[in-house]
Amino acid sequence: EAGVAQSPRYKIIEKRQSVAFWCNPISGHATLYWYQQILGQGPKLLIQFQNNGVVDDSQLPKDRFSAERLKGVDSTLKIQPAKLEDSAVYLCASSLGLAGDSDTQYFGPGTRLTVL
Amino acid sequence: SQKIEQNSEALNIQEGKTATLTCNYTNYSPAYLQWYRQDPGRGPVFLLLIRENEKEKRKERLKVTFDTTLKQSLFHITASQPADSATYLCALTGSARQLTFGSGTQLTVLP
């Protein structure tokens, strides 16, 4: 079974530029998550989709970050404009979307963003 | 505010010994707690889940305990091997099923 795919794996941009990340979840997974992981910290949830609807985006800095999941499969996360503090690994995860505690999240390898 | 603390940033142990990692939390009432492993350059991988009404859970060489009175979980790796070297993350899940992660403990098992 193919895992969660993310691209690009690395991105270097200058502050105030824009960047987009792409995620392809595991086939059949209804729920998709984007996390931000700053060096030395655990992942922090930015946004959660159930199919193509947003479940939780309370920690997404909406003035500069946006995400969409058209057709309920692939997703893109965009930052515009980027700030130095956005330097982090952006992780995508997916799960079947089951009720209860058996809904295991599977993570992709992440995109490492460096903002200069 | 909610806070999750993992005992130390780094833990070194000798091969064959038992590694014990700690996860403490405050201002939180998790429905269950999960442990993940993260290798450099990779995303976290799920290891074990323990529910609030469970005291202990085992899987092969792994054991997790959960004390909701102390607000603490302990994660044990018995007969540790160099291949167990990684960062281990605890994550709490509330009623909305969103995960809140600790900052992780980097474990190094020395041969």
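Given the structure is predicted, the values throughout are model-derived calculations rather than measurements.

Novice: Give me the sheet that holds strand 7 (residues 65–68) of chain A: which residues, what numbers.
Specialist: All names here are of chain A. In space, the four strands of this open sheet follow the order 1-3-8-7, with antiparallel pairing throughout. The open sheet has two free edges, formed respectively by strand 1 (5–7) and strand 7, since each of these has just one partner strand. Neighbour-to-neighbour, the strand axes of this sheet turn through a mean angle of 15 degrees, independent of strand direction. For strand 1 and strand 3 (residues 19–24), the ladder comprises three bridges, and the chain directions are antiparallel. Bridge pairing links Ala 5 to Asn 24 in strand 3.

Novice: Help me get a handle on the layout of surface pockets, residues and values and all.
Specialist: Here the largest pocket defines a volume of roughly 690 Å³. Residue assignment for the lining of the largest pocket shows that the elements contributing at least two residues are strand 9 (88–95) and strand 11 (111–115) of chain A together with strand 9 (86–93) and strand 11 (105–110) of chain B. In terms of residue count, the dominant contributor to the lining of the largest pocket is strand 11 of chain A (four residues). Here the residues of the lining of the largest pocket are counted per class, giving 11 nonpolar, 15 polar and five charged.

Novice: Lay out the sheet that holds strand 8 (residues 72–77) of chain B in plain terms, naming residues and giving numbers.
Specialist: Residues and elements named next belong to chain B. One open sheet holds the five strands; their spatial order is 1-3-8-7-6, and the pairing between them is antiparallel. In the strand order of this sheet, the two ends are held by strand 1 (3–6) and strand 6 (56–59), each with one partner. Along the sheet, successive strands turn relative to each other by an average axial angle of 15 degrees, direction set aside. By the bridge criterion, six bridges tie strand 7 (residues 62–67) to strand 8 in an arrangement that is antiparallel.

Here is what the cut-offs are and how they apply
- What you see as residue numbers is a count from 1 along each chain, following the sequence as written.
- Here every chain gets a letter starting at A, and every ligand a number starting at 1, in the order they are written.
- Only residues with pLDDT of 70 or above have their local features reported here, since the model is predicted, and side-chain atom pairs are shown and tallied only from 80 upward, although totals for entire chains, interfaces and linings are computed over all residues.
- Each side-chain value is worked out from all heavy atoms of the structure, with water and hydrogens disregarded.
- Note on pairing: DSSP must find at least two bridges between two strands before they are called paired.
- Where helices and strands are cited, they refer to DSSP runs of H or I of at least four residues and of E of at least two residues respectively, numbered from the N terminus.
- Whenever a helix is involved, its axis is fitted only over the stretch in contact; in every case the axis is a line through C-alpha atoms, and angles between N-to-C directions fall within 0 to 180 degrees.
- Of the two site types, the cavity is a set of points on a 1 Å grid over the protein atoms alone where a 1.4 Å probe fits but cannot get out, and the pocket is an open set with protein on both sides within 12 Å along at least five of seven lines, each lined by residues with an atom within 4 Å of a point.
- Grid points are joined across faces, edges and corners, and a volume is the space filled by probe spheres set on the points.
- Ten residue types, Ala, Val, Leu, Ile, Met, Phe, Trp, Tyr, Cys and Pro, are classed as nonpolar, four, Asp, Glu, Lys and Arg, as charged, and the remainder, Gly among them, as polar.

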